[in-house]
Amino acid sequence: MLEPYLVVCGLLLLGSVLARALPAARRSLDEDYEDGWDLTARELAYLKRGPYGVVLTVLAALHAEGAVDLSDPGPVRRLDPPRDLEDSLVIAVYSGLHWSRRPRLLALAPRVRRACAALRGDLRERRLLPPLRRRVFAAVLLLYAVGLAAATTVEDDGRGSTVVGAAAVCLAVTVLALGPRRTLAGGRELAMHAAAMARVAGGLGRERQRASRGPGDATDSAVAVYLGDLVAADGLAAIRVLCGRYVACGALAPPLPSYEPVRVVEPVVEPIPLTAPLRLVVPSQSSDDGGESIFVPAEPPVPVEAPALWRREPVAVAA
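The structure contained in this document is the topic of the report that follows. Keep in mind the model is a prediction, meaning the values are calculated, not measured.

1. Examining the overall build of the protein chain
Then comes step 1: Scanning the protein chain from terminus to terminus reveals 13 helices and four strands.
Then comes step 2: Residue burial in the protein chain is summarised as follows: out of 319 residues, 32% are buried.
Then comes step 3: Restricting the contact set of the protein chain to residue pairs at least 6 apart, pairs at least 24 apart contribute 62%.
Then comes step 4: When the accessible surface of the protein chain is split by element, carbon and sulfur atoms take 61% of a total near 21000 Å².

As structure tokens, then:
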């Protein structure tokens with residue numbers, strides 16, 4: 001016969017699951033993107049793996065930009081500073097590479113987690129993540145279930161069936177506590193994105209096999225464009241496969257400026273004739289009157305013959 005406390009613990013666990021998993025329908029903040037494509041690669045990465053996924057996505061974008069190098073396995077290698085210095089998340093990740101070159105440790109940095117707060121707020125507004133009060137309520141229900149199972153075991157003096165039931169309750173609580181923290185709408189969003197990225201990856205692979213081209217062609221450019229979304233879907237595995245083999249470091253960086261010499265036309269200096277007398281003062285060493293004045297006469301104006309149209313011609317008047 002099922003113990004009554006196990007029924008109560010089961011209801012508590014069910015309530016905890018529903019508090020975190022509902023609602024099942026998402027909310028779109030833009031009417032033009034009702035199918036869910038209003039989410040960025042960073043938001044999808046946070047929805048799937050939290051700050052660690054966001055760090056991987058930002059590093060992949062910096063690799064395509066040429067700020068870091070992810071071609072070789074191991075620690076991340078820093079290169080030139082990023083171009084966008086107004087992005088707080090990019091600055092937090094790039095500056096965090098001073099003390100840690102591992103993405104897993106970099107995701108634990110307080111500055112990175114504070115920069116991810118905006119992504120978390122947007123996902124909660126779209127009902128893809130449960131709000132904080134519902135997560136607290138779900139945790140309270142789990143703790144109450146564990147406390148009820150432990151109190152029943154102590155009350156029954158550790159009977160075998162009671163101990164087994166309490167162990168089952170504690171195992172279920174552990175699984176639920178370590179489970180996904182997204183809602184049902186968030187799970188559906190990730191499934192849609194993973195399916196879309198699988199189709200994109202399959203199409204790029206078929207195009208490469210059909211064209212039989214080498215690295216650096218148009219197919220690799222398309223992979224570089226979708227690099228952030230592919231890393232948001234597959235995480236570190238996508239970085240190890242794509243970065244270096246298909247997407248070179250700096251693949252999306254702007255071309256370097258040209259340093260070819262520019263021919264400069266030398267200015268032509270023409271003398272300006274004087275139209276009025278010019279007074280020059282020459283300092284004198286023997287007198288204190290300030291100097292001697294020299295007048296330079298003006299050049300006579302050049303006579304200009306009036307055009308024929310302006311000339312006054314005699315007009316014959318008929319008698």
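2. Quick look at the pattern of salt bridges
Then comes step 1: Taken as a whole and assessed by the stated rule, the structure comprises three salt bridges.
Then comes step 2: A salt bridge links Arg42 to Asp87; the shortest N-O distance between them is 2.9 Å. Residue Arg42 is located in helix H2 (residues 41-49), and its partner Asp87 is located in the loop between strand E2 (77-78) and helix H4 (88-96); the two are separated by 45 residues in the primary sequence.
Then comes step 3: With its nearest N and O atoms 2.4 Å apart, the salt bridge here joins Asp69 to Arg77.
Then comes step 4: Residue class for Asp69 comes out buried when judged on its relative accessible area of 10%.

3. Digging into the side chain of Arg20
Then comes step 1: By secondary structure assignment, the location of Arg20 is in helix H1 (residues 4-21).
Then comes step 2: Although Arg20 is buried, it makes no salt bridge; Glu189 carries the closest opposite charge, 19 Å away.

4. So, helix H9 (residues 160-178)
Then comes step 1: Look at H9: 27 Å from first C-alpha to last across 19 residues, which is about the 27 Å you get at 1.5 Å a residue.
Then comes step 2: Every buried residue of H9 is listed here: Thr162, Gly165, Ala166, Val169 and Val173. One side of H9 carries all its buried residues, which in axial view fall inside an arc of 100 degrees. Set apart from the buried face of H9 by more than 90 degrees, the exposed residues are Val164, Leu171, Val175 and Leu178.
Then comes step 3: Tucked inside the fold, the buried residues of H9 contact H1 and helix H8 (132-155).

5. A look at the packing of H1 against H9
Then comes step 1: Where H1 meets H9, the axes come as close as 11 Å, and the angle between the chain directions of the two elements is 0 degrees. By the criterion of interaxial angle, the relationship of H1 to H9 is roughly parallel. Of the residues in H9, those touching H1 at Tyr5, Leu6, Cys9, Leu13, Val17 and Arg20 are Ser161, Thr162, Gly165, Ala166, Val169, Ala172, Val173, Leu176 and Ala177.
Then comes step 2: Looking at the contact of H1 with H9 residue by residue, the class counts come to eleven nonpolar, three polar and one charged.

6. Overview of the packing of aromatic side chains
Then comes step 1: All chains considered together, the criterion is met by zero aromatic pairs.
Then comes step 2: Geometry around Tyr94 places Arg78 over its ring, the cationic atom sitting 4.3 Å from the centre.
Then comes step 3: Cation over ring: Arg104 sits above Tyr52, and NZ or CZ is 3.7 Å from the ring centre.

7. Concerning a nonpolar patch on the surface
Then comes step 1: Taken together, the side chains of Leu2, Val7, Leu11, Leu14, Leu18, Leu22 and Leu184 present a nonpolar region at the surface, about 640 Å² in accessible area.
Then comes step 2: With four residues, the single largest contributor to the nonpolar patch is H1.
Then comes step 3: If you trace the backbone, Leu11 turns up in helix H1.
Then comes step 4: A residue is classified by how much of its surface remains accessible, and Leu11, at 57% relative accessible area, is exposed.

8. Quick notes on the environment of Pro103
Then comes step 1: Here Pro103 lies in helix H5 (residues 103-106).
Then comes step 2: Distance in space between the C-alpha atoms of Pro103 and Tyr52 is 6.9 Å, their sequence separation being 51 residues.

Conventions adopted
- Residues numbered from 1 in each chain as written.
- Predicted model: local features only at pLDDT ≥ 70, side-chain atom pairs only at ≥ 80, totals over all residues.
- Heavy atoms only, no water.
- Helix = DSSP H or I, 4+ residues; strand = E, 2+ residues; numbered from the N terminus.
- Buried < 20%, exposed > 50% of the residue type's maximum accessible area, 1.4 Å probe, protein only.
- Contact = heavy atoms within 4.5 Å.
- Areas by Shrake-Rupley, 256 points an atom, 1.4 Å probe, with all protein chains shown as cover.
- Salt bridge = Lys/Arg side-chain N within 4 Å of Asp/Glu carboxyl O.
- Lys, Arg positive; Asp, Glu negative; His and termini not counted.
- Expected span 1.5 Å × (residues − 1).
- Arc of directions from axis to C-beta.
- Axes fitted to C-alpha atoms, helices over the stretch in contact; angles between N-to-C directions.
- Parallel < 35°, antiparallel > 145°, perpendicular 65-115°, else oblique.
- Nonpolar A, V, L, I, M, F, W, Y, C, P; charged D, E, K, R; others polar.
- Phe/Tyr/Trp six-rings, centres within 6.5 Å; stacked < 30°, edge-to-face > 60°.
- Lys NZ or Arg CZ within 6 Å of the ring centre and 35° of its normal.
- Patch = residues over 30% accessible without salt bridge, like charges linked within 9 Å, V, L, I, M, F, W, Y side chains within 5 Å.

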